[in-house]
Each structure stands twice: as C-alpha cells, then as structure tokens.
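# Residue-level structural notes
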Amino acid sequence: GETRFNKEKILQGQGVDEPLSETGFKQAAAAGVFLNNVKFTHVFSSDLMRTKQTVHGILEKNKFCKDMTVNYDSRLRERKYGVAEGRALSELRTMAKAAGEECPAFTPPGGETLDQVKMRGKDFFDSLCQLILKEAGQKEQFSQGAPSCHLETSLAEIFPVGKNCASEFNSDSGAPGLAASVLVVSHGAYMRSLFAYFLTDLKCSLPAALSKSEIMSVSPNTGISVFIINCEKGREVTPTIQCVCMNIQDHLSRVAIEIEVGKWDPLVGRQVPDLG
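What you see is a predicted model; the values in this text were computed from it and never measured. (Residues numbered from 1 in each chain as written. Predicted model: local features only at pLDDT ≥ 70, side-chain atom pairs only at ≥ 80, totals over all residues. Heavy atoms only, no water.)

### Structural notes on the environment of G1
This is how the line gets drawn: Runs of H or I in DSSP of at least four residues are treated as helices and runs of E of at least two as strands, each being numbered from the N terminus. Buried, partly exposed and exposed residues are distinguished by accessible area as a fraction of the type maximum, computed with a 1.4 Å probe on protein chains only: under 20%, between the cut-offs, and over 50%, respectively. In this analysis, two residues are considered to be in contact whenever any of their non-hydrogen atoms come within 4.5 Å of each other.
Here G1 is to be found in the segment before α1 (4-7). G1 gets classed as buried once you look at its relative accessible area, which sits at 18%. For the pair G1 and P19, spaced 18 residues apart in the sequence, the C-alpha separation amounts to 9.3 Å. Apart from the residues within four sequence positions on either side, G1 is in contact with N6, L20, G24, Q27, T54, N221 and T222.

### Some details on helix α3 (residues 49-59)
Regarding α3, the residues found buried are R50, T51, T54, V55, G57, I58 and L59. Looking at the buried side of α3, the elements it contacts are α2 (22-34), β1 (42-45), β2 (71-72) and β3 (182-185).

### What about the sheet that holds β2?
The strands making up a sheet associate through backbone hydrogen bonding, with each pair oriented either parallel or antiparallel. Quick reminder of the rule: Any two strands are treated as partners once DSSP identifies two or more bridges connecting them. Only the stretch in contact is used when fitting a helix axis, every axis being a line fitted to C-alpha atoms; angles between N-to-C directions are given from 0 to 180 degrees.
Strands sit in the order β2-β1-β3 across an open sheet of 3 strands; the sheet is parallel. Of all strands in the sheet, those with a lone pairing partner are β2 and β3, marking the two edges. As defined by bridge partners, β1 adjoins β3 across 4 bridges and the pair is classed as parallel. Note on β3: the bridge partner recorded for S45 is V185. In the packing of α3 onto the sheet, the strands contacted are β1, β2 and β3, and the crossing angle to β3 comes to about 145°.

### Structural notes on α2
The following threshold applies: One less than the number of residues in a helix, times 1.5 Å, gives the span that helix is expected to have.
Compared with the 18 Å implied by 1.5 Å per residue over 13 residues, the 19 Å span of α2 between its first and last C-alpha is a close match. Judged by how many residues are buried, α2 sits mostly within the fold: 10 of 13 residues are covered. Among the residues of α2, T23, G24, K26, Q27, A28, A29, A30, A31, G32 and F34 are the ones counted as buried.

### Examining the packing of aromatic side chains
Going by this rule: Only centres within 6.5 Å qualify two rings of Phe, Tyr or Trp (six-membered ring in Trp) as a pair; their planes then separate them into stacked at under 30 degrees, edge-to-face at over 60, and tilted for everything else. Two conditions define a charge sitting above a ring: the NZ of Lys or the CZ of Arg must be within 6 Å of the ring centre, and it must be within 35 degrees of the ring normal.
Counted according to the given criterion, the structure contains 8 aromatic pairs. Ring centres of F195 and F227 lie 5.0 Å apart, and the angle between their planes is 50°; on these two criteria the pair is classed as tilted. Residue F195 is found in helix α8 (residues 188-200), and its partner F227 is found in strand β4 (residues 224-230); the two are separated by 32 residues along the sequence. According to the relative accessible area criterion, F195 is buried, its value standing at 5%. Taken together through their ring pairs, the aromatic side chains of F125, F195, Y197, F198 and F227 make up a single cluster. The ring centre of F64 lies 4.9 Å from the NZ or CZ of K39, which sits over that ring. Sitting above the plane of the Y72 ring, K52 keeps its charged end 5.2 Å from the centroid.

Set out below in structure tokens:
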C-alpha cells in the first residue's frame, strides 16, 4: 500500500520504515475485498511496517484466512538504497547521472546491486518451492486419491485461470489440483527484480496481451500478480512458471473514486454516509 513517502517520491528502501498512509490502508482493504474468496495455504510478507500493515489489511477481509499465521521474511524486503534512502527519487537520478550511469542499474553507496536483489529473491523462491514440495510429499503419504481442486476454483472466480490450467502443468503426475495457494506481499522494486528472474532465467510464459516491458515495470501499490508454478523434486529440475496476470489494479478504481469523494471507511470496506 501507499505511504506518505511513496506519494512524495521519496526513497524508502529498507532504512526508512514508514507506515501506510490513509490511502495505503484503503488500498490494502480494497485488495482484501477483491481477494476475500481466495483460499490461501501460506502467507509470506516482508518484515517492514508498510508490508505488515498491507498483509493485515488483506487477510482481515478474507473469508478463510483471517487468523492465518504470516511468515515475515527479511528476504522479501525492498531493495536497499543506502545513502539515497530518505531522499527524493530525483536525487538518486542525479547521483546516477554524475556517476555516468542510469537508474535502476545504478547502485548508490551502501545500497544493493540489482544482482544482489535478484539473488535474495531467488533464495526466497527456491526455499518456497522446497517447502511446498516437502509438504506435498507429506500429504501424499497420509492421503488417498487425487487432491482437491478447491484452491484453483477459488482463484478462477476472479482470475483468468482455466479449469485445466493446473492439471496441464502437472500432466506427468496426473494431479488435477494445486498443491498450494501462496500469498506473497513485498515491494515494487523487489518484485520487479523477482519477476525479471522468472522471465529471463526461468523462461516464464506470459499472457498474450502482456508485453515484456510490462513485466519489467514497477508494480503499483497493491498491484496483484498471479503465477502458476510447477515444481518437481531434484536440484537440477527448473520450475515451470506461467504468468496468469501482472500488476492488475481492478480493485483500485473504486478506491480512487471514493478517496476523491472522501467517503471510504477502510475498517468496513464500504461507503459510509456523509455526516457533514
């Protein structure tokens, strides 16, 4: 969700732990309403304040996951901008120009390089895949028959996930359902780096209407992206990834209108009467 510094175009990175603005809380609540019927099996979030507040705003609207434990992971933190944190984005661009470089490739003193951010994202993703594989294997030992399709059904209600999408990804195993539905809440520059890793290193497939330039853009506040990932056991097996949608903002149009009118109650997620 948006913070005051987002609006003022001031870099936060990891060192400026700014809370959500009023608009940010409204965005989180709107995302929660949009996702309220999606059944999550796991929830991960950056451990910075703005993402903690965002994930709380999402889960409190969910029909199934209000009391779910959130796994706060420092590997999901925003890119570290070093001496540029707390300073205007325009200053970072000036610093880059003085160094003969351009953003986002430029790394200010004390900041993370793009490769470092990428490796942090890769480390999180690899551990997540291993966790899901381990849990799926444990479930197979104690259950009979095919897994339930309820996870993909809840996703298909709001996202363009075909009924046979998951089974196509698991054609070798014949499993018709998703093993897990994971909510990850992070930051714009970090997610752009992770998505670039999906696209360039893991050869993620994209929807026909989505261009490579769109996948390389920074996500808007509470922008929602959905990926279907097929992981298989074995260190040498590369996960197969399909992008269902990228940085969608359908839930924010209502927020924009109601912020302008000034009648949104983020606690209940609906319009309230103007009492003057």
